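# Commentary on secondary and tertiary structure
So you can see what is in the structure, the chains are spelled out below.
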Amino acid sequence: GTGNVYSVHNGYDLTVSGTATLTITPRALTFTGLVQDKVYDGTRTATLGSAPQLGGLVEGEDLSFVPGNDFAALFSSKTVGTGKTVTLSGGYTLGDGARGLASNYTAPSTLSTTASITPATLTAGSFTATNRAYDGSVLVAVSASSSTLSGVVAGDDVAVDLSTVSTGTVAD
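Here we summarise the structure given alongside this text. (Residues numbered from 1 in each chain as written. Predicted model: local features only at pLDDT ≥ 70, side-chain atom pairs only at ≥ 80, totals over all residues. Heavy atoms only, no water.)

### What to know about the overall build of the protein
Put simply, the test is: Per the convention used, a helix needs a DSSP run of H or I reaching at least four residues, while a strand needs a run of E reaching at least two, with both numbered from the N terminus. C-alpha atoms define the radius of gyration in this analysis, and the globule rule sets the expected value at 2.2 Å times the number of residues to the power 0.38. Burial here depends on accessible area, computed with a 1.4 Å probe over protein chains only, as a share of the maximum for the residue type. Under 20% is buried, over 50% is exposed, and the range in between is partly exposed. Should any heavy atoms of two residues lie within 4.5 Å, those residues are considered in contact. Each accessible area value is a Shrake-Rupley result obtained with a 1.4 Å probe; residue values ignore everything except the protein chains displayed when judging cover.
Of the regular secondary structure elements, the protein holds zero helices and 13 strands. N-terminal to C-terminal, the α/β element order of the protein is β-β-β-β-β-β-β-β-β-β-β-β-β. On C-alpha atoms alone, the protein measures out to a radius of gyration of 29 Å, which is more than a quarter above the 16 Å that the 2.2 N^0.38 rule sets for 172 residues. Seen along its three principal axes, the alpha-carbon backbone of the protein occupies a region of about 90 × 50 × 25 Å. The buried share of the protein, reckoned over its 172 residues, is 22%. In the protein, once contacts between residues fewer than 6 apart in sequence are set aside, the share between residues at least 24 apart is 63%. Counting only carbon and sulfur atoms, one obtains 53% of the accessible surface of the protein, whose full area is about 11,700 Å².

### Side note on the side chain of Lys 38
This is how it is decided: N or O atoms within 3.5 Å of each other form a polar contact, as long as, within protein, one can give a hydrogen and the other can take it, and as long as residues adjacent in sequence are counted only when both atoms are side-chain atoms.
Within the secondary structure, Lys 38 is located in strand 4 (residues 38-39). Within the local environment of Lys 38, its side chain forms a polar contact with the side chain of Asp 41, the two groups lying 2.8 Å apart. Lys 38 has contacts with Thr 43, Arg 44, Thr 45, Phe 75, Ser 116, Ile 117 and Thr 118, leaving out every residue within four places of it along the chain.

### Section: the nonpolar core
Let me state the cut-off plainly: The term nonpolar core refers to a set of buried residues drawn from Ala, Val, Leu, Ile, Met, Phe, Trp, Tyr and Cys, joined through side-chain atoms within 4.5 Å.
Within the largest apolar cluster, 20 residues are counted, with the highest numbers of intra-cluster contacts made by Leu 34, Val 35, Val 86 and Leu 88. Breaking this core down by element, the ones donating at least two residues are strand 5 (63-67), strand 6 (72-75), strand 7 (81-89) and strand 10 (112-118). Contact partners of Leu 88, with chain neighbours within four places excluded, come to Phe 31, Leu 34, Val 35, Phe 71, Ala 72, Ala 73, Leu 111, Ser 112 and Thr 113.

### Some words on the sheet that holds strand 4
Here is the rule: At least two bridges found by DSSP between two strands is the condition for calling them paired.
Sheet architecture is open: four strands sit in the order 4-10-7-6, paired in mixed fashion. The sheet is open, and its two edges are formed by strand 4 and strand 6, each paired on a single side. Both strand 4 and strand 10 contribute to a ladder of two bridges, which runs parallel. Looking across to strand 10, one finds that Lys 38 is bridged to Ile 117.

### Digging into the sheet that holds strand 12 (residues 139-150)
The line we're drawing: Here the axes come from fitting lines to C-alpha atoms, over the contacting stretch only for helices, and the angles between their N-to-C directions go from 0 to 180 degrees.
One open sheet accounts for three strands, arranged 11-12-13; its pairing is antiparallel. The open sheet is flanked by strand 11 (123-129) and strand 13 (167-169), the only strands paired with a single partner. Along the sheet, successive strands turn relative to each other by an average axial angle of 55°, direction set aside. Pairing between strand 11 and strand 12: six bridges, direction antiparallel. Looking at strand 12, one finds that Ala 124 is bridged to Leu 149.

### A short note on the pairing of strand 12
Pairing geometry for strand 12 and strand 13, over three bridges, is antiparallel. In the sheet register, Leu 139 faces strand 13, and the bridge partner there is Thr 169.

This is the structure:
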């Protein structure tokens, strides 16, 4: 075909003719963004995002990710950490999105991704602060009235010793 080519040299008008073959290969995807971060719950189970999108999509495009009945996602361990490996297994399909064609992409070759497990919140005991006159500091004397814990995940062995707690801080 004929194409328009511009010359930076004054006085020339270029014409290109002939044929060429152009091959566009599908773009590789990753599982980045597929699995949600979670708060520690004592298990290795990972959860897919509510509208999971794969990494590597062309900006502005989307695809549908449909996990099969046997699809599973497991963290490498149940402990807290950032960027932990999540192993994926089972079947899934990639479908066309509102602005993307699955045929323009190749499925990820590595069946893993990463996500984080953040610490669960524990509440320890009951505390009583001792009233005092203003002294310019944020330190206050406290006493613990119980050593109870709430928020412990079932199956975990967690204890607290509040017998040595004697000071705390107050908001300024």
